[in-house]
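Fold and geometry: a report
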Amino acid sequence: METIAIIGGGASGLMAAVEASLALRQAGAVAHVALFEADPERIGRSILATGNGRCNISNACISADAYRNQAFVGQALMHLQSAYAAERGATSMRTLEANPVLERFADMGLVTREESEGRLYPMANKATSVLDVLRSAAAELGVDVQTDKLASRVDAPAPGGAGCFNIRFADKTIAHAAAVIVAVGGRAASGIQLPEPLACSDMQPVLGPLRVDARSAKLTRQLNNIRVRGTVHLGRGGHRIASERGELLFRDYGVSGVSVFNLSRFAQPGDDLVVDFLPDIPPQDMERFMMTRRKRMRKLLGGPLTLDRFLEGLLLPAVSAAALRQVGLRTGDRFTQEMVPQLCDMLKGMRLTVEGIGDERQCQVRRGGFPVERFSPATCEALDVPGLFVTGEALDVDAPCGGFNLHWAWLSGMLAGRAAADRVSSGEGVECDGSCEDARKRSSNKRSPFYTDDVNPSSGRDSRLPVASRSDGPQATAHAGGSCSSSRAGKPHHLRRPHHPHRDERDKSRNQRGGNASRNARHRNR
């Protein structure tokens, strides 16, 4: 039985496992879907930490414009939409406009609700409900889940397509597979070696708080843990790079909050952060706003105003005092008309200088990974290594807060899972010449057909782990239907070719010495 191996049991990996199993069932094919997770205890732990434990599963306004490498993401979105429409066998506007990710979760039983800015959460308001439906679906579809399996390297099949992928783990075991989906998170992506020319670029933490320089920190320390709302602009060399409206949280080392998290994707040391406390008032109207406010307040109070009294009801007292000090004013000074330009600058442009990421532990994603130019947007399959897929955060794709990054994890997992299943069920997998089966038979581990022991005679211990056989469990053998979103979608689904008949060790040795080249050549010419 051929194997689809998925490395990483987080959001993208779990979705890839479910989608691959569903696609196999729709094709009427049988294969072993194995999910390997480095965590020693459970899969999906990272999902539980998303959205402050509520799991911001997606967004109602998904657009490629929100993503880094948006052209790649745009094509991926289009291909998944086409695959969903083909699977449902309908071309109605509702089908064409549906969110395939949410529809798949609905198939698994999850109900979602929308909050501000299009954020989508599970109806139960707990991340555990998302993980529960994924784990249940994987179990019901016969996915072989194994924990405490840290992958360190993936070896490609032999040149010419013969053989299979070998996945090497930290415990010295090796798994064989016809297709491999690498769905590890950003921190782990740089720790797994893939076949050349695939190389992981440096992973930089983003979507987190920002540290400011020493001068700016004198201000932020005075306002530590105070929250304000407004618009924050990111500037560089006198040019505005990006702007975000929302909550800003002052910290002793700098600033945090959703608006800052989003700007951290673009920020560089030396950039300016400009805080606009009154974003609804255009700059050209500020002086008139200030004079009108002063006139109304003086009319009521019947006397002159101090600066702290003038700013009451506009800013928090601590924010007013700190901001006034930054522009050389004091709270007890009498408010005069000559001060209006300074106050306008303060309210529309409190300036801070970026030094870098504030606290990497709070960063939600890592930027970098495997370059998207090396992969097909239709399937997330490596262009130079057929049968190898990379999904989620391991690809150089990231987006702002609001459910966009999790949506990419689900989306890319669905594309890769379905394409890997299509590859195996259509007989295009690298195992179809029986080389992987031979490798399994040669394994000294009789407890599992999917592992061989690493050559390590000096270790003095048996590092092999058994793999639960799925021969008596639920198999993906249901009715045919659906289609794949890969470039092979137009090819008919059918069962894989049977392996070569069993040969004794003498025949096997003879084939290895002289018959492999001619057999592989015949296979390639078919």
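Everything numeric here is computed off the predicted structure, so don't read it as measured data.

1. Section: the pattern of salt bridges
- What the rule picks out here adds up to 29 salt bridges.
- Across the pair Arg-265 and Asp-398 runs a salt bridge whose closest N-O atoms are separated by 2.7 Å. Placement of Arg-265 in the loop between helix H9 (258–263) and strand S16 (272–276) and of Asp-398 in the loop between strand S19 (388–390) and helix H14 (404–425) is noted, with a sequence separation of 133 residues between them. Pair check on accessibility: Arg-265 and Asp-398 agree, each one buried.
- When salt bridges with common partners are traced through the structure, they connect Glu-19, Glu-87, Arg-88, Arg-104, Asp-107 and Arg-418 into a single cluster.

2. Considerations on the sheet that holds strand S13 (residues 227–236)
- With antiparallel pairing, the 6 strands of this closed barrel are ordered in space as S12-S15-S14-S13-S16-S17. Neighbouring strand axes in the sheet, compared pairwise and without regard to direction, differ in orientation by 45° on average.
- Here strand S14 (residues 239–251) pairs with strand S15 (residues 254–256) via 3 bridges, running antiparallel. Bridging across to S15, Phe-250 finds its partner in Val-255.
- The strands that helix H8 (residues 214–222) touches are strand S12 (210–212), S14, S15 and strand S17 (350–357); relative to S17, the one it contacts most, it runs at about 110°.
- This element, helix H13 (residues 340–348), spans S16 and S17 of the sheet and lies at about 110° to S16.

3. Re the pairing of strand S10 (residues 179–182)
- Burial along S10 is two-sided: the residues Ala-179 and Ile-181 and Val-180 and Val-182 are all buried.
- Relative to S10, strand S1 (residues 3–7) runs parallel, the two sharing 4 bridges. Counted as the bridge partner of Ile-4 is Ala-179 from S10.
- Across 3 bridges, S10 lies against S19 in parallel orientation.

4. As for unusual backbone geometry
- With omega at 10°, the peptide bond leading from Glu-196 into Pro-197 counts as cis.
- Along the polypeptide, Pro-197 turns up in the loop between helix H7 (186–189) and strand S11 (204–206).
- Here the phi dihedral of Glu-117 falls at roughly 60°; this positive angle occurs in a residue that is not glycine.
- With respect to the helices and strands, the residue Glu-117 is situated in the loop between strand S4 (112–114) and strand S5 (119–122).

5. Some points on the sheet that holds S5
- Across the sheet, which stays open at both edges, the 3 strands sit in the order S3-S5-S4 with antiparallel pairing between neighbours. Looking at strand neighbours, the two that pair on one side only are strand S3 (58–59) and S4, the edges of this open sheet.
- In the sheet, S4 pairs with S5 via 3 bridges, with the strands oriented antiparallel. From the neighbouring strand, Arg-113 faces S5, where its bridge partner is Tyr-121.

6. Details of the nonpolar core
- Of all hydrophobic cores here, the largest spans 88 residues; its most connected members are Phe-105, Val-180 and Trp-410.
- Those residues in contact with Val-180 that lie beyond four places of it in its chain are Ala-5, Ile-7, Val-154, Phe-165, Ile-167, Gly-387, Leu-388 and Phe-389.
- Counting residues in hydrophobic clusters, the runner-up holds 43 residues, among them Leu-263, Leu-307, Ala-323 and Leu-347.

7. With respect to the pairing of strand S2 (residues 32–36)
- Extensive coverage of S2 is indicated by the burial of 5 of its 5 residues.
- Looking at chain direction, S1 and S2 are connected through 5 bridges and run parallel. Bridge pairing in S2 places Ile-7 opposite Phe-36.
- Pairing geometry for S2 and strand S6 (residues 144–146), over 3 bridges, is parallel. Following the sheet pairing, Ala-34 is matched in S6 by Asp-144.

8. Re the environment of Met-15
- Locating Met-15 in the fold gives a position in helix H1 (residues 11–27).
- We classify Met-15 as buried; its relative accessible area is 0%.

9. A word on the environment of Ser-320
- Mapped onto the elements, Ser-320 comes out in helix H12 (residues 317–326).
- On the accessibility criterion, Ser-320 (4% relative accessible area) is buried.
- In sequence terms Ser-320 and Arg-330 are 10 residues apart; their C-alpha atoms lie 9.5 Å from each other.
- Setting aside residues up to four positions removed in sequence, Ser-320 forms contacts with Leu-311 and Leu-315.

10. Concerning the packing of helix H3 (residues 70–88) against H14
- Running from amino to carboxyl end, H3 crosses H14 at an angle of 60°, the nearest separation of the two axes being 10 Å. In terms of their interaxial angle, H3 and H14 are classed as oblique. You can see that H3 and H14 cross each other, and the crossing is left-handed. On H14, the residues that touch Phe-72, Val-73, Ala-76, Leu-77, His-79, Leu-80 and Glu-87 of H3 are His-407, Trp-408, Leu-411, Met-414, Leu-415 and Arg-418.
- Here the residues of the contact of H3 with H14 are counted per class, giving 9 nonpolar, 2 polar and 2 charged.

11. Side note on the side chain of Arg-104
- Note on placement: Arg-104 falls in helix H5 (residues 100–108).
- Looking at Arg-104, the relative accessible area reads 5%, which means it is buried.
- Within the structure, the side chain of Arg-104 is placed 2.8 Å from the side chain of Glu-87, a separation counted as a polar contact.
- With residues up to four places along the chain from it excluded, the contact list for Arg-104 reads Met-15, Glu-19, Leu-22, Glu-87, Arg-88, Met-414 and Arg-418.

12. Comments concerning the packing of H1 against H14
- Put simply, H1 and H14 touch, their axes get as near as 7 Å, and they point 35° apart. Here H1 runs over H14; the crossing is right-handed. Facing Ala-11, Ser-12, Met-15, Ala-16, Glu-19, Ala-20, Ala-23, Leu-24, Gln-26 and Ala-27 of H1, the residues of H14 in contact are Leu-406, Ala-409, Trp-410, Ser-412, Gly-413, Met-414, Gly-417, Arg-418, Ala-421 and Ser-425.
- Partitioning the contact of H1 with H14 into residue classes produces 12 nonpolar, 6 polar and 2 charged.

Thresholds, definitions, all that
- Throughout, a residue's number is its position along its own chain's written sequence, starting from 1.
- In view of the model being predicted, local features appear only for residues whose pLDDT reaches at least 70, and side-chain atom pairs are presented and counted only at 80 or more, with totals across whole chains, interfaces and linings using the full set of residues.
- In computing side-chain properties, one takes all heavy atoms of the structure into account and sets aside hydrogens as well as water.
- Here, a salt bridge means any side-chain nitrogen of Lys or Arg that lies within 4 Å of a carboxyl oxygen of Asp or Glu.
- Per the convention used, a helix needs a DSSP run of H or I reaching at least four residues, while a strand needs a run of E reaching at least two, with both numbered from the N terminus.
- Three exposure classes are used, based on accessible area relative to the maximum for each residue type with a 1.4 Å probe and protein chains only: buried under 20%, partly exposed in between, and exposed over 50%.
- For two strands to pair, DSSP has to find at least two bridges joining them.
- For every element, the axis is a line fit to its C-alpha atoms; helices are fit only across the contacting stretch, and the angle between N-to-C directions ranges from 0 to 180 degrees.
- We call two residues in contact whenever any of their non-hydrogen atoms come within 4.5 Å of each other.
- Definition of nonpolar core: a set of buried residues of the types Ala, Val, Leu, Ile, Met, Phe, Trp, Tyr and Cys, connected through side-chain atoms within 4.5 Å.
- Roughly parallel means an angle under 35 degrees; roughly antiparallel means over 145; roughly perpendicular covers 65 to 115; every other angle is labelled oblique.
- Handedness of a crossing follows from how the near helix is turned relative to the far one, being left-handed for an anticlockwise turn of less than a right angle and right-handed for a clockwise one.
- Any residue that is not Ala, Val, Leu, Ile, Met, Phe, Trp, Tyr, Cys, Pro, Asp, Glu, Lys or Arg is counted as polar, Gly included; the first ten are nonpolar and the last four charged.
- Two N or O atoms form a polar contact when they lie within 3.5 Å of each other; inside protein one atom must be a possible hydrogen donor and the other a possible acceptor, and for residues adjacent in sequence the pair counts only when both atoms belong to side chains.

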